Amino acid sequence: MEPANKNHTITRRSFLELGSAALATAGVLTAGSAASAESNSAHEPDPANTASAASASTAKIALEDHLALSETIAGSTAAAYASDFRLQIMDMGSGRIAEMDRGGVELCILSLVAPGIQSIPAIPQAISMAQRANDYLAEHIAKNPKRLKGFAALPLQDPQAAAQELTRCVKQLGFCGALAHGFSQIGQADSAVYYDQPQYRPFWATVQQLNVPFYLHPRSPLASHQPSYEGQSWIAGSPWGFAVETSIHALRLMGSGLFDEYPNLKVILGHMGEGLPFGMWRVDNRIARGALTLKAKQPMSQYLRENFYVTTSGVFRTPALTDVMSEVGVDRVMYSVDYPFEDMGVAKDWFDRAPISEPDRVKIARTNAQKLFHL
């Protein structure tokens, strides 16, 4: 994320002060914090704003920290990183716990790194690898159950097998829910199947019955399906394409009527909601004014507020946080880091100094997650 342009400090500060004053009036920011809204650097909190920092670091629960197995790392997003990074993402012992301690994270809910099981076109192989990944994670959770929990990796290439594996992971392994990396490739590499399709309704019925959340995590769109990325492949990844791909998938779920059929479903979006909280008013407005026909019975914003939760993973910026709080409600926002792709200490320093009320800080840091996951 780019730093603020120093040549526009006065104009930008004036704008932020006006916006922050409105948020303070609405109760999102603490009293007197409007003048501190400039403390929104993505990576280095402004020391001048330490007056609005939390009196002490709040113990945190993080929901989007990743792991890799030796069998999966070569095909994952971690493969392009240096060897020390690959060691970090494969470390399930003292090194990971030390990073959690540095970041003030009491508990991590771990998940297989993208694109995970979703990129295995052969259904038998996808089922086998999901079981292997989940058993591996369960083994390491058992060694440190007070610090580590897990999200199930699912072979969504086969909805029935995915439902069975989720049930096993929740009931036998004690997992907190599932995390899937967007669409699944089925049968051939050049394929993309989304979970709003009718064949996934029995799977969603199982998710609702088990009363666990489903984390919809990003992956890059297939290059063959997105010629707009041609020659600029970096756009397709985490800087931009991740959010575009995931927000479209979330809108597909909403527009399909899924949440009318299964109103108690709980879906988690990372990265401050993948842009949806910021654009949802226009989505609703254009649907209404364009007289567009959808299967969904309610406005998209209603599903966002009632069926979705949003984490702070990978977006350490105060204006983004306060916007999400005002759009979806503070009770549906949860702290996350996106380790090891992001730094535990950077996330902690930003969040502990963000100019929000202390009750809201505690909710986002831990109690919202405790309620959602029954921890």
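Residues numbered from 1 in each chain as written. Predicted model: local features only at pLDDT ≥ 70, side-chain atom pairs only at ≥ 80, totals over all residues. Heavy atoms only, no water.

## Focus on the packing of helix α5 (residues 159–171) against helix α6 (residues 201–210)
Then step 1. The contact between α5 and α6 brings their axes to 9 Å, and the two run at 15 degrees. Judged by the angle between their axes, α5 and α6 are roughly parallel. Viewed along their axes, α5 and α6 form a crossing whose handedness is right-handed. Residues Pro159, Ala162, Ala163, Leu166, Thr167, Val170 and Lys171 of α5 pack against Phe203, Thr206, Val207 and Leu210 of α6.
Then step 2. Each residue belonging to the contact of α5 with α6 can be placed in one class, and the counts come to eight nonpolar, two polar and one charged. (Axes fitted to C-alpha atoms, helices over the stretch in contact; angles between N-to-C directions. Helix = DSSP H or I, 4+ residues; strand = E, 2+ residues; numbered from the N terminus. Parallel < 35°, antiparallel > 145°, perpendicular 65-115°, else oblique. Left-handed = near helix turned anticlockwise from the far one by under 90°. Contact = heavy atoms within 4.5 Å. Nonpolar A, V, L, I, M, F, W, Y, C, P; charged D, E, K, R; others polar.)

## A closer look at the pairing of strand β3 (residues 148–152)
Both faces of the sheet carry side chains from a regular strand, because those side chains alternate between them.
Then step 1. Along β3, four of the five residues are buried, which leaves the element largely enclosed by surrounding structure.
Then step 2. Here strand β2 (residues 105–112) pairs with β3 via three bridges, running parallel. Bridging across to β3, Cys108 finds its partner in Leu148.
Then step 3. Relative to strand β4 (residues 177–181), β3 runs parallel, the two sharing two bridges. Within β4, the residue paired with Phe151 across the bridge is Gly177. (Buried < 20%, exposed > 50% of the residue type's maximum accessible area, 1.4 Å probe, protein only. Pairing = 2+ DSSP bridges.)

## Regarding the side chain of Ser336
Then step 1. Checked against the element boundaries, Ser336 lands in the loop between β8 (333–334) and α12 (344–353).
Then step 2. In this structure, Ser336 is in contact with Ala62, Leu63, Glu64, Thr311, Thr312, Ser313 and Phe316, ignoring residues within four places of it in sequence.

## Regarding the environment of Gln298
Then step 1. Inspection of the secondary structure assignment puts Gln298 in the loop between α9 (276–289) and α10 (300–307).
Then step 2. In this view, Gln298 contacts Asp260 and Tyr303; residues no more than four positions away in its chain are not counted.

## Structural notes on the sheet that holds strand β7 (residues 308–311)
Then step 1. Spatially, eight strands are ordered β1-β2-β3-β4-β5-β6-β7-β8 in an open sheet, and the strand pairing comes out parallel. Looking at which strands have only one partner, the edges of the open sheet turn out to be β1 (60–67) and β8.
Then step 2. Inspection of the sheet shows strand β5 (residues 214–217) paired to strand β6 (residues 267–269) by three bridges, in the parallel sense. Across the sheet, Phe214 pairs through a bridge with Val267, a residue of β6.

## Considerations on the pattern of salt bridges
Pairing between side chains becomes possible if they bear opposite charge and their charged atoms approach one another.
Then step 1. Under the criterion given, the structure shown has 14 salt bridges.
Then step 2. Residue Asp101 is joined to Arg147 by a salt bridge in which the shortest nitrogen-to-oxygen separation is 2.8 Å. A residue pair is termed long-range when its members are at least 10 positions apart, and Asp101 in helix α3 (residues 94–102) and Arg147 in the loop between α4 (123–143) and β3 qualify at 46 residues.
Then step 3. Under the relative-accessibility criterion, Asp101 is labelled partly exposed at 48%. (Salt bridge = Lys/Arg side-chain N within 4 Å of Asp/Glu carboxyl O.)

## Quick notes on the nonpolar core
Then step 1. Among the nonpolar cores identified, the biggest contains 81 residues, and Leu166, Phe203, Trp204 and Phe214 are the most heavily contacted of them.
Then step 2. With eight residues, α4 is the single largest residue contributor to this core.
Then step 3. What Phe214 contacts, discounting residues up to four positions off in sequence, is Leu156, Ala178, Ala180, Tyr195, Phe203, Trp204, Val207, Lys266, Val267 and Ile268.
Then step 4. Leu63, Phe151, Cys176 and Leu179 belong to the second-largest nonpolar core, a separate cluster that totals 14 residues. (Core = buried A, V, L, I, M, F, W, Y, C linked by side-chain atoms within 4.5 Å.)

## Things to note about α12
Then step 1. Within α12, seven of the ten residues are buried, which leaves the element mostly enclosed by the surrounding structure.
Then step 2. Taken residue by residue, α12 has Met344, Gly345, Ala347, Lys348, Trp350, Phe351 and Asp352 as its buried positions.
Then step 3. If you follow the buried residues of α12, they end up packed against β1, α3, β2, α11 (318–328) and α13 (358–373).
Then step 4. Its side-chain oxygen placed 2.8 Å from the backbone nitrogen of Gly345, Asp343 serves as the N-cap of α12. (Polar contact = N/O pair within 3.5 Å; in protein donor to acceptor, adjacent residues only side chain to side chain.)

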